[in-house]
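# Overview (structure and organization)
The lines below spell out each chain.
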Amino acid sequence: QKEVEQDPGPLSVPEGAIVSLNCTYSNSAFQYFMWYRQYSRKGPELLMYTYSSGNKEDGRFTAQVDKSSKYISLFIRDSQPSDSATYLCAMSGNSGGYQKVTFGIGTKLQVIP
Amino acid sequence: NAGVTQTPKFRILKIGQSMTLQCTQDMNHNYMYWYRQDPGMGLKLIYYSVGAGITDKGEVPNGYNVSRSTTEDFPLRLELAAPSQTSVYFCASSYLRTGTETQYFGPGTRLLVL
């Protein structure tokens, strides 16, 4: 079983839709949860991060963590064509003193005008 | 601020050839990383460095070598290229290695080994 599972998509939605992107994980030691956005042929860039369980909102983006279910989500409201990208979840936590960051494989999102 | 820069952008290698992928950051970050990204496999850590003169292996170090003589530069060396090393390589840097800091990624180097 992979430490982090993420559906690769692709996910196609019409402009203005609410998008829900999700990851599940198996490692209970994960404490920090991040979402990176990667445009085609570019490097990933950090979108949001959260610590432990709860919600965090930033403009049209909301990150949600449920540690009891080992499940994290990223919601995008009023999606725009410029949101078309691959979204990678990432997680980290103490692992014998080594702070390892584990990435999901990424979900490809297309927002259709 | 250029951030993290990588050269070359794209390279074709023959099996058995060697090459060095260059990475430079101008943010005075102490931590630097090399990842490879393959379709359906996500980002895999090859090597990382916590400062000049200090490097350590990541998940997939076989076939690669690194050095870190300065804070700014972190080159990745492929000694005997193999088709399995066909991938997109990303260099990244961060200020602290705590798991909460932002990792800043370069634009990537696409490598094809034939």
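Residues numbered from 1 in each chain as written. Chains lettered and ligands numbered in written order. Predicted model: local features only at pLDDT ≥ 70, side-chain atom pairs only at ≥ 80, totals over all residues. Heavy atoms only, no water.

### Here's the deal with the overall build of chain B
- Within chain B, the regular secondary structure consists of 0 helices and 11 strands.
- Reading the helices (α) and strands (β) of chain B from amino to carboxyl end gives β-β-β-β-β-β-β-β-β-β-β.
- Against the globule reference of 13 Å for 114 residues, chain B gives a C-alpha radius of gyration of 13 Å, in line with a compact fold.
- Counting over 114 residues, chain B shows a buried share of 46%.
- Across chain B, every contact between residues at least 6 apart in sequence was considered, and the portion connecting residues at least 24 apart equals 56%.
- Entry remark: accessible area of chain B is about 5,300 Å², with carbon and sulfur atoms responsible for 54%. (Helix = DSSP H or I, 4+ residues; strand = E, 2+ residues; numbered from the N terminus. Rg over C-alpha atoms; globule rule 2.2 N^0.38 Å. Buried < 20%, exposed > 50% of the residue type's maximum accessible area, 1.4 Å probe, protein only. Contact = heavy atoms within 4.5 Å. Areas by Shrake-Rupley, 256 points an atom, 1.4 Å probe, with all protein chains shown as cover.)

### Points about the sheet that holds strand β8 (residues 71-76) of chain A
Residues and elements named next belong to chain A.
- Read across the open sheet, the 5 strands follow the order β1-β3-β8-β7-β6; overall the sheet is antiparallel. Across the chains shown, the open sheet's two edge strands, defined by having one partner strand only, are β1 (4-6) and β6 (54-58). Across the sheet, the mean angle from the axis of one strand to that of its neighbour is 15°, orientation sign disregarded. (Pairing = 2+ DSSP bridges. Axes fitted to C-alpha atoms, helices over the stretch in contact; angles between N-to-C directions.)

### Focus: the pairing of strand β5 (residues 42-51) of chain B
Residues and elements named next belong to chain B.
- Within β5, 8 of the 10 residues are buried, which leaves the element mostly enclosed by the surrounding structure.
- Bridge count for strand β4 (residues 31-38) against β5 is 7 bridges, and the pairing is antiparallel. Within β5, the position partnered with Y33 by the bridge is Y48.
- Linkage of β4 to β5, two consecutive antiparallel strands, is achieved through a turn of 3 residues, within which G40 is found at a positive phi near 75°.
- As judged from the 4 bridges shared by β5 and strand β6 (residues 54-57), these two strands associate in the antiparallel manner. Bridging from a neighbouring strand, S49 pairs with T55 of β6.
- A loop of 2 residues connects β5 with β6, the two strands running antiparallel in sequence, and G53 in this loop sits at a positive phi of about 85°.

### Concerning the pattern of salt bridges
All names here are of chain A.
- Counting across every chain of the model gives 5 salt bridges over all chains.
- The salt bridge partner of R37 is E45, with a shortest N-O separation of 3.3 Å.
- Assessed through its relative accessible area of 33%, E45 is described here as partly exposed. (Salt bridge = Lys/Arg side-chain N within 4 Å of Asp/Glu carboxyl O.)

### Overview of the packing of aromatic side chains
Residue and element names in this part refer to chain A.
- As enumerated under the stated definition, the model contains 11 aromatic pairs over all chains in all.
- With 5.0 Å between their ring centres and 40° between their planes, Y32 and Y51 make a pair best called tilted. Residue Y32 is located in strand β4 (residues 32-38), and its partner Y51 is located in strand β5 (residues 45-51); the two are separated by 19 residues in the primary sequence.
- You can call Y32 buried: its relative accessible area is 18%.
- Judged by relative accessible area, Y51 falls into the partly exposed class, the value being 49%.
- If you follow K56 out to its NZ or CZ, it ends over the ring of Y49, 4.4 Å from the centre. (Phe/Tyr/Trp six-rings, centres within 6.5 Å; stacked < 30°, edge-to-face > 60°. Lys NZ or Arg CZ within 6 Å of the ring centre and 35° of its normal.)

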